[in-house]
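Observations on the three-dimensional arrangement
Now for the letters of each chain:
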Amino acid sequence: MTVQPGRAAGDPALASADVAVIGAGIIGLACAQKLQQAGRSVALLDPAGMANRTSAGNAAAFAFSDILPLAGRGLIFKVPGWLLDPLGPLSIRPAYLPRLLPWFWRFLRAGQAGRIAGAIAAQAALMRLSEGEMAALVEACGLAAMVRHDGSLELYESEAELTASEEGWRHRRAAGIGFEHVRGARLAELQPGLAPRFVAGTFVPSWQTVSEPQHFACAIGEHVLAQGGTLRMAEVVGIAPAEHGVTLRLRDGQILQARQAVLAAGAWSKHLAAQLGDRIPLDTERGYNTTLPADAFPLRRQLIFGAHGFVITPLATGIRVGGAVELAGLDHPPNFARARAMLAKAKRFLPDLATDGGREWMGHRPSLPDSLPVIGASRASPHIVHAFGHGHLGLTQSAATGRLVADLLCARRSAFDLSPFSPQRF
Ligand SMILES: Cc1cc2nc3c(=O)[nH]c(=O)nc-3n(C[C@H](O)[C@H](O)[C@H](O)COP(=O)(O)OP(=O)(O)OC[C@H]3O[C@@H](n4cnc5c(N)ncnc54)[C@H](O)[C@@H]3O)c2cc1C
């Protein structure tokens, strides 16, 4: 990357990088690592520094078995009931509804019977790549000690709830994903201390979690910097193809040149993508959590309360209770009553949970209506690649996204057909 003559950047390191990565969340960091491994030099640009936004506070799961699109989980039928509960798993800010309608319309269409099979096949292919590429990234960056291999346990309050989930489990079995339905002593062994309302569960042994998602992302970033990458605290406000690559304009007016660029600005990517001719229906599903002290409960593995839209995760730094979806855009202030509502439910589900001393957080999932991310070249230039919109699965799919982006920018053959992820699919 070079600085345009006469507009000193004051950072000589920028002059030596050939790929500018816009956004240093988990997606940008994983892209930087995979590009570096492919022999490219990288410069990260982010006004918030490394992994300080959505990637800082997520639920820490490598959810490799999560291959069903959100719209296809019978969700549509649950939505009216959820909306009636002001602190339930889903809320929509009324003033935001008019802006949300086009996204919601596409979400409904994504749930149509004829579209589900294709979406599951695409997500399953990305997840298969994710598992292998994440293992390779963990090894390359020396992060094995940060990964827990203890699976997840999804919980049901009735046999009818388990039966209703069977179709989803059939799709997973067909995709080669192992799981075990459990009851009685086996359920209590997988997690002692559950309230008796939980009559059954599903154990997924291949599910992994990281010890702390922000630490994990920053460790990837530190590895990238140690290998010669750079990070600059800067906001990109303009992007355009140029004769020999890409021109970037920063908030402070500086102009930078790079040979290639990756747009990985998460939920904030939409306007930059539009400058490249790509009108992408990106929105945000805001999520909340509370991280309790580590001794709040003897948690054996991540617990998933699907009907209530939240999970509880054991982290090195505490017990994290959170999830939920709030459709309220990027700028509206957080409503932490949502985090408190999940904590109150968690106390009912794990009666011995100590709920004092928690830290609350809200993050912006970058969400596309068909639950698939955008991974592909921009309309304006093959040298500018989009990598955003991972919704609930950005940590899980980060390494695979990095690999696919590196393949595109290094003109290597892709691991599979990328058309379901195309930025031009909408
Ligand atoms: C409550 C919750 C729980 C979750 N749990 C999980 C989970 O268990 N497993 C999982 O896989 N996923 C989970 N997710 C989803 C996951 O956190 C996201 O998909 C992921 O963090 C998105 O990463 P990202 O890098 O695209 O976005 P971000 O982490 O938001 O990073 C985008 C970066 O771009 C920067 N940026 C924005 N605009 C500009 C600009 N103009 N110029 C330069 N930089 C810019 C921002 O400052 C930010 O740092 C969860 C999300 C939430 C909210």
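Bear in mind the structure is a predicted one, so any value in this text is a computation, not a measurement. (Residues numbered from 1 in each chain as written. Predicted model: local features only at pLDDT ≥ 70, side-chain atom pairs only at ≥ 80, totals over all residues.)

1. Section: the overall build of the protein
Applicable threshold: For helices the rule is a DSSP run of H or I covering at least 4 residues; for strands it is a run of E covering at least 2, with both sets numbered from the N terminus onward. The reference for a compact globule is 2.2 Å times residues^0.38; the radius of gyration itself is calculated from the C-alpha atoms. Counting other C-beta atoms within 10 Å of a residue's own tells you its class, since 20 or more makes it buried, 12 or fewer makes it exposed, and anything in between is partly exposed; those C-beta atoms are placed from the backbone. Distance between backbone-placed C-beta atoms decides contact: two residues are in contact if it is within 7 Å.
For the protein, the count of helices and strands is ten helices and 22 strands. Taking 426 residues into account, the globule formula puts the C-alpha radius of gyration at 22 Å, and the protein, at 21 Å, falls close to it. C-alpha atoms of the protein, sized along the principal axes, occupy 70 × 40 × 40 Å. Counting all 426 residues of the protein, 48% fall into the buried class. Look at the contacts in the protein between residues 6 or more apart in sequence, and 75% of them connect residues 24 or more apart.

2. Some points on the site of the ligand
Quick note on the threshold: Using a C-beta atom placed from the backbone, a residue is scored as near a molecule or strand whenever that atom is within 6 Å of it. For this classification, the nonpolar set comprises Ala, Val, Leu, Ile, Met, Phe, Trp, Tyr, Cys and Pro, the charged set comprises Asp, Glu, Lys and Arg, and every other residue, Gly included, is treated as polar. Boundaries of every domain are those given by an automatic assignment or by a domain database.
Taken together, 42 residues surround the ligand, and among them G23, G25, G266, G287 and G394 come closest. Secondary-structure elements contributing two or more residues to the shell around the ligand are α1 (26-37), β16 (283-292), β19 (318-327), β20 (359-367) and α10 (394-409). Along the lines of polarity and charge, the residues of the shell around the ligand split into 20 nonpolar, 18 polar and four charged. Looking at which domains feed residues into the shell around the ligand, each of domain 1 (2-55 + 215-281 + 371-421) and domain 2 (69-206 + 282-367) gives three or more.

3. Points about the sheet that holds strand β6 (residues 147-148)
Note the cut-off: Two strands are counted as paired when DSSP detects at least two bridges linking them.
Spatially, the three strands line up as an open sheet ordered β4-β10-β6, and their pairing is antiparallel. Strands at the two margins of the open sheet, each flanked by one partner only, are β4 (61-62) and β6. Across two bridges, β6 lies against strand β10 (residues 208-210) in antiparallel orientation. Looking at the pairing, R148 lines up with T209 of β10.

4. With respect to the sheet that holds strand β21 (residues 374-377)
How we decide: Fitting a line to C-alpha atoms yields each axis, with helices limited to the stretch in contact; the angle taken between N-to-C directions then spans 0 to 180 degrees.
On the basis of which strands lie adjacent, the open sheet formed by six strands has the order β11-β3-β2-β15-β22-β21 and mixed pairing. What marks the edges here is a single partner per strand, and that holds for β11 (230-232) and β21. Between one strand axis and the next, the sheet turns through 15° on average, direction left out of account. Both strand β2 (residues 19-22) and strand β15 (residues 260-263) contribute to a ladder of four bridges, which runs parallel. Residue V19 lies in a different strand from β15, and its bridge partner there is Q260. The strands that α1 touches are β2, β3 (42-45), β15 and β22 (384-388); relative to β3, the one it contacts most, it runs at about 170°.

5. What to know about the nonpolar core
The following threshold applies: What makes a nonpolar core is a set of buried Ala, Val, Leu, Ile, Met, Phe, Trp, Tyr and Cys residues, with links drawn between C-beta atoms within 7 Å.
Counting residues in each nonpolar core, the largest one holds 115 residues, and the members touching the most others are A20, V21, I22, A261, V262 and L263. With ten residues, helix α4 (residues 113-141) is the single largest residue contributor to this core. Each of two domains, domain 1 (2-55 + 215-281 + 371-421) and domain 2 (69-206 + 282-367), supplies a minimum of three residues to this core. If near-sequence neighbours (up to four positions away) are discounted, V21 is found in contact with G28, C31, A32, V42, A43, L44, V262 and A264.

6. Overview of the packing of α1 against helix α7 (residues 213-226)
Basically, it comes down to this: Each helix crossing is assigned a hand: it is left-handed if the near helix lies turned anticlockwise from the far helix by less than a right angle, otherwise right-handed if that turn is clockwise.
Taken N-terminus to C-terminus, the directions of α1 and α7 make an angle of 35°; their axes are 9 Å apart at the nearest point. With respect to the hand of their crossing, α1 and α7 are arranged in left-handed fashion. Taken together, the residues of α7 that come into contact with α1 (itself represented by I26, L29, A30, A32, Q33 and Q36) are A217, I220, G221, H223 and V224. A class-by-class count of the residues in the contact of α1 with α7 yields seven nonpolar, four polar and no charged.

7. What about the confidence of the model for the protein?
To be explicit about the condition: Values of pLDDT, which run from 0 to 100, indicate the predictor's confidence residue by residue.
Averaged over all residues, the pLDDT of the protein equals 93, while 95% of them reach at least 70. Counting contacts from residues 3-15, a segment whose pLDDT is below 50, to residues more than four positions away or on other chains yields 22 contacts.

8. Digging into the pairing of strand β9 (residues 200-204)
Most of β9 sits out of view: four of its five residues are buried. Where strand β7 (residues 152-156) lies against β9, five bridges are found, and the strand directions are antiparallel. For E154, the partnering residue across the bridge sits in β9 and is T202. Pairing analysis gives three bridges linking strand β8 (residues 180-182) to β9, with the strands arranged antiparallel. Pairing of E180 across the sheet is with F203, part of β9.

9. Some remarks on unusual backbone geometry
The backbone phi angle of A51 is positive, close to 45°, even though this residue is not glycine. Relative to the assigned elements, A51 resides in the loop between β3 and β4. Classification of A51 as buried rests on a count of 24 C-beta atoms within 10 Å. With a phi close to 65°, S371 is a non-glycine residue in the positive phi region. Inspection of the secondary structure puts S371 in the loop between β20 and β21. Using a count of 26 C-beta atoms within 10 Å as the deciding quantity, one classes S371 as buried.

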